[in-house]
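Architecture and fold: a report
Now for the letters of each chain:
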Amino acid sequence: MIKTILRTEHVTMQFGGVIAVNDLNIVVKEHEIIALIGPNGAGKTTAFNDVTGVYTPTKGKVFYTKKDGTEVDITGKKPSEIAKMGIARTFQNIRLFKDLTVYENVLIAKHLHLKSNFLSATFRLPGYKKEEEAMRADVEKLLKEVNLWDVRNEKASSLPYGKQRYLEIVRALATDPQLLLLDEPAAGMNPKETEELTDFIRKIRDQFSLTIFMIEHHMDLVMEISDRIYVLDFGTTIATGNPSAIQNNERVIKAYLGEDEDA
C-alpha cells in the first residue's frame, strides 16, 4: 500500500479580513509529483508556508509521515524542526549564499543534521572531525551525482541563472529530505531550460526516492511532469485531478482566462 507522506485537513489561513487559503485538503502520496497551481494571488505560497512552518494556520491541521512510517502533526512547528523531519523547500526568489562557492552552499545545508555541539566544532574535537569528513564526502558524492562537481569552486553568483536554480534544489537535497517542496522552480527560465529542468526533477525524484510537491506557473512543465494537480483560486480549491482532467476543466479555464463578458 502506498503511504501518504503529507496531508492537510481543512487548513485555513486568514490575515485580518482576508482569507488567503480556505479549507485546504491536500493528500500527497509517496513518490508522487504533485502540482499546486492557480492565478497570481490564489494562495499557493501561503499554502506552502503553512506546511513548512513559516505560518501557523488559522484553522486546520498539517500531517506528515516520517521515514519510519510514523504520522505526526506538524501544524505550527518551527521550520527547522520540520526540515529535520525530512521536508525541504526552495523559494521563488533564489536564496543562495551568493559570495560562497557551490561546494560551500551545499556543505552548509548538510549542517542541518550535525550532532556535534558548538564546543566540539570550535575545538575540532574527534567527534566533530569525523562528522565533518562524512559531510564533505556526502557533498562530493551529491555534486557528482547532479553534475555540479566541475563548478564546485565557483561562486554561486557567477553561475548562469539556470544553474543557480539547480543549485538551490541541490542544496535542499543536501538536507536528505523525503518530501521536497519546489516554489516555482522554473521561474525566469527559457523554454529549453524549462525542458531540462523537467528532466532534472524526474531524475532526482527517482534517484533520491523523493516525493515532490511544487508550485509552478509554467503549464508545459506542470502538465508534463505531474501525477496530480490541485488548482486554487482566491484561496479555495476549485479542481483536482490528473493533467488531462485539469486541462479540460471549465472552472480552471475560467479562473485563468476569466469569464466571457457576453456569457
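1. What about the packing of helix H3 (residues 102-110) against helix H6 (residues 161-173)?
- Between H3 and H6, whose axes approach to 8 Å, the crossing angle comes to 30°. The orientation of H3 relative to H6 falls into the category roughly parallel. Two packed elements cross with a definite hand, and for H3 against H6 that hand is right-handed. From H3, Val102, Asn105, Val106 and Ala109 reach across to H6, where they touch Leu167, Val170 and Arg171.
- Partitioned by chemical class, the residues of the contact of H3 with H6 number 5 nonpolar, 1 polar and 1 charged.

2. Re the pairing of strand S8 (residues 179-183)
- Taking burial as the measure, the 5 residues of S8 include 5 buried ones, the bulk of the element.
- Going residue by residue along S8, you find Leu179, Leu181 and Asp183 tucked away on one face and Leu180 and Leu182 tucked away on the opposite face as well.
- Bridge count between S8 and strand S9 (residues 211-215): 5 bridges; the pairing is parallel. Opposite Asp183, over in S9, you have Ile215 as the bridge partner.
- The parallel pair S8 and S9 is bridged by helix H7 (residues 191-207), and the resulting crossover is right-handed.

3. Some details on the layout of surface pockets
- The calculated volume of the largest pocket comes to roughly 430 Å³.
- Together, 18 residues line the largest pocket, and Ala83, Ile87, Ala88, Arg89 and Phe91 are the ones closest to its centre.
- Mapped by element, the contributors of at least two residues to the lining of the largest pocket are helix H2 (79-85), strand S7 (87-89) and H6.
- The biggest single contributor to the lining of the largest pocket is H2, with 4 residues.
- Across the lining of the largest pocket, the residue classes tally to 10 nonpolar, 4 polar and 4 charged.
- Built from parts of two domains, the lining of the largest pocket gets at least three residues from each of domain 1 (1-86 + 176-263) and domain 2 (95-174).

4. Observations regarding the domain arrangement of the protein
- Segmentation of the protein into domains returns domain 1 (1-86 + 176-263) and domain 2 (95-174).
- With 22 residues of domain 1 in contact, the opposing surface of domain 2 contributes 15 residues.
- Taken together, the two surfaces of domain 1 and domain 2 that pack against each other cover about 1,500 Å², and 68% of this comes from carbon and sulfur.
- Contact with domain 2 buries surface across domain 1, with Asp176, Phe200 and Phe208 losing the most and accounting together for 31% of the total.
- Applying the counting rule to domain 1 against domain 2 returns 0 salt bridges.
- The interface formed by domain 1 and domain 2 includes 6 residue pairs in polar contact (both at pLDDT 80 or more).
- Only H2, S8 and H7 provide two or more residues apiece to the side of domain 1 that touches domain 2.

5. Observations concerning empty space enclosed by the protein
- For the structure shown, the criterion picks out 1 cavity of 30 Å³ or more.
- What lines the largest cavity is Thr90, Phe91, Arg165, Glu168, Ile169, Asp183 and Pro185.
- With 3 residues, the single largest contributor to the lining of the largest cavity is H6.

6. Section: the pattern of salt bridges
- Applying the stated criterion to the full structure yields 16 salt bridges.
- Here Glu168 ties to Arg171 by a salt bridge, and the two come within 3.9 Å at their closest N and O atoms. Within this pair, Glu168 and its partner Arg171 are both found in helix H6, separated by 3 residues, close to a single helical turn. Arg171 carries the same exposure label as Glu168, and that label is buried.
- Here Asp199 makes a salt bridge to Arg202, at a shortest N to O gap of 3.8 Å. One end of the pair, Asp199, and the other, Arg202, are both in helix H7, 3 residues apart, so they sit about a helical turn from each other.
- Accessibility expressed as a relative area gives 46% for Asp199, which makes it partly exposed.
- Given a relative accessible area of 26%, Arg202 falls into the partly exposed group.
- Salt bridges here are not isolated pairs; linked through shared partners, they connect Arg7, Glu9 and Glu71.

Basis of the calculations
Residues numbered from 1 in each chain as written. Predicted model: local features only at pLDDT ≥ 70, side-chain atom pairs only at ≥ 80, totals over all residues. Heavy atoms only, no water. Axes fitted to C-alpha atoms, helices over the stretch in contact; angles between N-to-C directions. Helix = DSSP H or I, 4+ residues; strand = E, 2+ residues; numbered from the N terminus. Parallel < 35°, antiparallel > 145°, perpendicular 65-115°, else oblique. Left-handed = near helix turned anticlockwise from the far one by under 90°. Contact = heavy atoms within 4.5 Å. Nonpolar A, V, L, I, M, F, W, Y, C, P; charged D, E, K, R; others polar. Buried < 20%, exposed > 50% of the residue type's maximum accessible area, 1.4 Å probe, protein only. Pairing = 2+ DSSP bridges. Right-handed = clockwise from strand over helix to strand, strands pointing away. 1 Å grid on protein atoms, 1.4 Å probe; cavity = no way out; pocket = protein on both sides within 12 Å on 5 of 7 lines; lining within 4 Å. Points joined across faces, edges and corners; volume = space filled by probe spheres on them. Domains from an automatic or database assignment. Buried area = accessible area lost by both parts, 1.4 Å probe. Salt bridge = Lys/Arg side-chain N within 4 Å of Asp/Glu carboxyl O. Polar contact = N/O pair within 3.5 Å; in protein donor to acceptor, adjacent residues only side chain to side chain.

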